[in-house]
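# Residue-level structure breakdown
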Amino acid sequence: MSLMHFLRRQPDDAPPVERSELRQYRYLLRTASPEALDDLHREALAVLDPAVRAIILRTAQERLQTGRDLTVDDTRHLARLITVAEVRTPGVLISALVDIAHERLARAVLRPAARNGLLDDYDAWDGLEPDRATTIERLPESLRKGA
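The following paragraphs examine the structure supplied in this document. Just so you know, these numbers come straight off a predicted model, no measurement behind them. (Residues numbered from 1 in each chain as written. Predicted model: local features only at pLDDT ≥ 70, side-chain atom pairs only at ≥ 80, totals over all residues. Heavy atoms only, no water.)

Take helix α2 (residues 20-31) next. The first and last C-alpha atoms of α2 sit 16 Å apart over 12 residues, in line with the 16 Å expected at 1.5 Å per residue. Counted residue by residue, α2 has nine buried out of 12 residues, so it is predominantly covered. For α2, the elements touching its buried residues are α3 (34-47), α5 (75-88) and α6 (99-115). (Helix = DSSP H or I, 4+ residues; strand = E, 2+ residues; numbered from the N terminus. Expected span 1.5 Å × (residues − 1). Buried < 20%, exposed > 50% of the residue type's maximum accessible area, 1.4 Å probe, protein only. Contact = heavy atoms within 4.5 Å.)

If you want it as structure tokens, here you go:
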């Protein structure tokens, strides 16, 4: 074999492999009702370590340019911020989270989601992101402004 064989780059056609719990969390963000997402995020944020909540809050504040008055203990408002942001613009917040915060939030959301049957149709999901019009329609009218 020649040296050129080893130096030649392999095509980057294959997309990166998404970890199972992160893909399941993304599924929930794309398919569950905003009300269910609020409940799931409230429950998850309540059990997460305050340091992890601080990472999530800081990321939300920087990425979304809102929530400056929130603290790590404002789990209800932070849950609503996560829900509305992700429904309006899929990936806007979770794509900016550091791995440890993303993974812990996903795991904490998945536990109650599995208990409530919200993952029942996960195996049939194609993993594709919905179009913008579809995502906006999921929000109640009162939350659509600025979308």
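Ranked by internal contacts, the top residues of the largest apolar core, which has 37 residues, are Tyr25, Leu28, Leu45, Ile56, Leu78, Ile82 and Leu105. Breaking this core down by element, the ones donating at least two residues are α2, α3, α4 (50-64), α5 and α6. In terms of residues, this core owes the most to one element, α6, which gives seven residues. If we ignore the near neighbours within four places in the chain, the residues touching Leu28 are Leu37, Leu40, Val109, Leu110, Ala113, Leu118, Leu119 and Arg138. (Core = buried A, V, L, I, M, F, W, Y, C linked by side-chain atoms within 4.5 Å.)

On to the environment of Leu93. The residue Leu93 is located in the loop between α5 and α6 in this model. Residue class for Leu93 comes out buried when judged on its relative accessible area of 1%. Placed 32 residues apart in sequence, Leu93 and Gln61 show a C-alpha to C-alpha distance of 9.7 Å. Those residues in contact with Leu93, other than ones at most four positions away along the chain, are Thr59, Ala60, Ile82 and Glu86.

The backbone phi angle of Gln65 is positive, close to 55°, even though this residue is not glycine. Structurally, Gln65 is set in the loop between α4 and α5.

Attention now goes to the packing of aromatic side chains. Counting across every chain of the model gives two aromatic pairs. Between the aromatic rings of Tyr27 and Tyr122, the centroid separation amounts to 5.5 Å while the plane-to-plane angle is 80°, which identifies the pairing as edge-to-face. Remark: Tyr122 occurs in the loop between α6 and α7 (132-137) and Tyr27 occurs in helix α2; sequence separation between them is 95 residues. Classification of Tyr27 by relative accessible area gives buried; the value is 6%. Aromatic side chains Tyr27 and Trp125 sit 5.4 Å apart centroid to centroid with 65° between the ring planes, which places their arrangement in the edge-to-face category. Of the two residues, Tyr27 sits in helix α2 while Trp125 sits in the loop between α6 and α7, which places them 98 residues apart along the sequence. This pair shows no difference in class: Tyr27 is buried, exactly as Trp125 is. These aromatic residues form a ring-pair network of at least three members: Tyr27, Tyr122 and Trp125. (Phe/Tyr/Trp six-rings, centres within 6.5 Å; stacked < 30°, edge-to-face > 60°.)

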